[in-house]
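# What the coordinates show
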Amino acid sequence: MLFGDVSEELTRRVVEALHHVSDMEPSGALVRASSRSGVDYQCDLAMSLGKRLGKPPREVAADIATRLDVADIAEPPKIAGPGFLNFTLRTSWLEDRTTALNGDPRLGTAVTARPRRIAIDYSSPNVAKEMHVGHLRPTIIGDAIARLLRFAGHDVIPHNHLGDWGTPFGMLIEHLLDERPSGPYTIGDLNGFYRAARSKFETDDDFATRSRERVVLLQGGDDDTLSLWRHLVDESTRHFTQVYELLGIDLSSEDVYGESFYNPFLGAVVDDLTAVGLTELSDGAVCVFPDGFRNREGEPLPLIVRKRDGGYGYAATDLATVRYWTEQRRVNDLLYVVGAPQAQHFAMVFAVCRAAGWLGEEHRAEHIGFGSVLGEDGRAMKTRAGESVRLSDLLTEAVSHAAAVIDGRGDLSPEVREEVAGAIGIGAVKYADLSGDRERDYVFSWERMLSKNGNTSVYLQYANARIRSVLAKADQELTGVRITLGHPAERALALALARFPEAVGSAIAGHLPHKLCTYLYETAVVFSRFYEQCPVLDAEGPGVRDSRLLLADLTSKTLTLGLSLLGISTPARL
Ligand code: ARG
């Protein structure tokens, strides 16, 4: 075994050995990376097994160890403490592995043996509203998760669930007809429209009535109404696409499956739920009360599928969405990257779909929630005027802050400068969003995210650019070079580089991109220790310089691939 996930491989070997000792079938990761000195991996299985077998854990560990065949990878395992099995990888194996990794574009990461077809809903802004800071997280996190899953070999289908249907469009279209704005209008105008329409709707009864009638016309398929509606959607989509391009997000207009797309399926959703006896009438609305959902008073909670006025709401559309993707598009998994406040909505939608048979045993549906972006005052992030921060303003600001970071660099041409500022600024915004546990809120701070020290993308981009400049200085062909690990700092770096597949695996397993960030940061730190302790260009001894150059090259490849899986680019020069 030269490629692949080391902890997975050691786990496999432990399970094999275990078959000789007991008939238990443990699951999950039994062998984990360790940061203790002299220990690369550790297994604590003997402790839980000892209890069940009624044997001292150290004895169980010894039984496993005698049956364990890891000689090709690791030194004979040691039994430590109450019954840990400690593994130290053979240095010669690490040398073989890192040498071989240089020829592997996947850096040792296997393609999944069980590819799945996965629909992932992310970004999903609302038409006629400019994207604001609240859209950062579903867009950035969703994009990173999609990239990671694709890299693992899954068939990933992104879909952008645009809010492009329903009541607000009645008032928007009426307002548009009242005002008849001349010439092409922008998304910025639309924001103003939206606000004006809203306040008119609240104060002007005649307008409110017309708006309601307009919704009926829209949902009934009236041609003129539809063409005005289309105009609003197209203009908004154009704006979203621009933001995605600026952000380097893999979403295009072809990935748009807005709420309107599911409109033709809504009637059947209600009919079929009713046919299987899942619906109840409550206050004139058609509802489903999925098992296990109750409000604070202990009363069953409804999922409203058809409102009293006959209209369909957000929940009905999501039911139709699940059904469409499992029945018509034959996906195995449905992922929804949507803020934490919608956790209950999705749990209820999934429960109803399970009851209706639209989600079967073979399907997995998961809501991938996340916390909020906070301002430096610890409250929801707002502009000074108290409004939501527009995403396009924020990104422009990111790039100009980044330009200031590289200001002293007179040697960069204006074009390179612009490109680098883009990579740093956008990278910083993305990395700040991805590097913390997604379930938590985080404070948006330019100073912190653009710091050259600490767990930031700028730090990683600089580390990478420094390596590339050392390699450029050496200007040396490295094919056929073999890595040798004489110094402890070299070995530590090789070990970190060998763990790339584990980091990718753990980021994918829980949809937790921050695990990959942490790994990349730690690897860059281990590299800088290596670089302090081991001269590279001035290395002495046969083959040492070549070997160190190759280790440096592999580090750069690892940082580059890792960041690219998060949607962040790595300029060669900074
Ligand atoms: N447009 C919605 C919002 O802004 C998010 C949609 C999420 N996706 C979904 N299938 N419900 O809250």
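About the cut-offs
Residues numbered from 1 in each chain as written. Predicted model: local features only at pLDDT ≥ 70, side-chain atom pairs only at ≥ 80, totals over all residues. UniProt positions renumbered as here; feature names shortened; annotations may be inferred. Axes fitted to C-alpha atoms, helices over the stretch in contact; angles between N-to-C directions. Helix = DSSP H or I, 4+ residues; strand = E, 2+ residues; numbered from the N terminus. Parallel < 35°, antiparallel > 145°, perpendicular 65-115°, else oblique. Left-handed = near helix turned anticlockwise from the far one by under 90°. Contact = placed C-beta atoms within 7 Å. Nonpolar A, V, L, I, M, F, W, Y, C, P; charged D, E, K, R; others polar. Pairing = 2+ DSSP bridges. Core = buried A, V, L, I, M, F, W, Y, C linked by C-beta atoms within 7 Å. Buried ≥ 20, exposed ≤ 12 C-beta atoms within 10 Å, placed from the backbone. Domains from an automatic or database assignment. Expected span 1.5 Å × (residues − 1). Arc of directions from axis to C-beta.

- Named according to an unreviewed UniProt entry, the chain is Arginine--tRNA ligase originating from Amycolatopsis regifaucium.
- Annotation of the chain in UniProt includes, under Sequence similarities (unreviewed entry), the sentence "Belongs to the class-I aminoacyl-tRNA synthetase family."
- Listed in UniProt under the heading Subcellular location (unreviewed entry), the comment for the chain reads: "Cytoplasm".

## A short note on the packing of helix H6 (residues 167-179) against helix H8 (residues 205-220)
- Where H6 contacts H8, the two axes come as close as 7 Å, and the packing angle between them is 115°. On the basis of their axis angle, the class for H6 and H8 is roughly perpendicular. The handedness of the crossing between H6 and H8 is right-handed. Between H6 and H8, the contacting residues are Thr 167, Phe 169, Gly 170, Met 171, Ile 173 and Glu 174 on the first element and Phe 207, Arg 210, Ser 211, Arg 212, Arg 214, Val 215 and Leu 218 on the second.
- Across the contact of H6 with H8, the residue classes break down as 6 nonpolar, 3 polar and 4 charged.

## Some details on the sheet that holds strand S5 (residues 117-121)
- Across the sheet, which stays open at both edges, the 4 strands sit in the order S6-S5-S10-S11 with parallel pairing between neighbours. Looking at the sheet topology across the chains shown, the edges are occupied by strand S6 (155-159) and strand S11 (364-368). Put simply, the sheet's adjacent strands are angled 20° from each other on average, direction ignored.
- With 5 bridges connecting them, S5 and S6 associate as parallel partners. Bridging across to S6, Ile 118 finds its partner in Val 156.

## Description of the nonpolar core
- Judged by nonpolar contacts, the single largest core of 135 residues is most densely connected at Val 305, Leu 319, Val 349 and Ala 428.
- No other element matches helix H14 (residues 414-434), which puts 10 residues into this core.
- What Val 349 contacts, discounting residues up to four positions off in sequence, is Leu 303, Ala 315, Asp 318, Leu 319 and Val 322.

## Concerning the domain arrangement of the chain
- When its domains are assigned, the chain resolves into domain 1 (6-89), domain 2 (167-255), domain 3 (258-368) and domain 4 (391-564).
- Each of domain 2 and domain 3 has a C-alpha centre, and these two points are 26 Å apart.

## Observations regarding the sheet that holds strand S2 (residues 41-43)
- Read across the sheet, 4 strands follow the order S1-S2-S4-S3 without closing on themselves; strand pairing throughout is antiparallel. Single-partner strands in this sheet number two, and they are strand S1 (31-33) and strand S3 (78-80). Adjacent strand axes in the sheet meet at a mean angle of 30°, parallel and antiparallel pairs treated alike.
- Sitting on the sheet, helix H3 (residues 57-67) is in contact with S3 and strand S4 (84-87), with an inclination near 170° to S3.

## A few points about unusual backbone geometry
- Backbone geometry places Ala 128, a non-glycine residue, at a positive phi of 70°.
- Among the secondary structure elements, Ala 128 is positioned in the loop between S5 and helix H5 (136-151).
- For Ala 128, a count of 24 C-beta atoms within 10 Å gives the class buried.
- Backbone geometry places Asp 283, a non-glycine residue, at a positive phi of 55°.
- Considering the arrangement of structural elements, one finds Asp 283 in the loop between strand S7 (279-282) and strand S8 (285-288).
- We classify Asp 283 as exposed; it has 9 C-beta atoms within 10 Å.

## Observations regarding the UniProt feature "short sequence motif: 'HIGH' region" (unreviewed entry) in the chain
- UniProt marks residues 125-135 with the feature "short sequence motif: 'HIGH' region" (unreviewed entry), using the numbering shown here.
- Structurally, residues 125-135 is divided into 0% helix and 0% strand, and its ends, taken at the C-alpha atoms, are 7 Å apart.

## Re helix H1 (residues 6-21)
- End to end, H1 covers 23 Å across 16 residues, agreeing with the expected 22 Å (1.5 Å per residue, within 8%).
- Burial in H1 covers these residues: Val 6, Ser 7, Leu 10, Thr 11, Arg 13, Val 14 and Leu 18. Buried residues along H1 cover an arc of 165° about the axis, so they all sit on one side.

## A look at helix H10 (residues 266-275)
- Among the residues making up H10, those that are buried are Leu 266, Val 269 and Leu 273. The buried residues of H10 occupy an angular sector of 50° when the element is viewed end-on, so they sit on one face. Exposed residues on H10 whose side chains face more than 90 degrees from its buried face are Ala 268, Asp 271 and Ala 275.
- Contacts made by the buried residues of H10 are with S7, S8, strand S9 (303-306), helix H11 (314-328) and helix H12 (343-356).

## Re the environment of Ala 428
- For Ala 428, the location among the structural elements is in helix H14.
- On the basis of neighbour count, Ala 428 is assigned to the buried category, with 25 C-beta atoms found within 10 Å.
- As a C-alpha pair, Ala 428 and Ile 568 span 140 residues in sequence and 8.7 Å in three-dimensional space.

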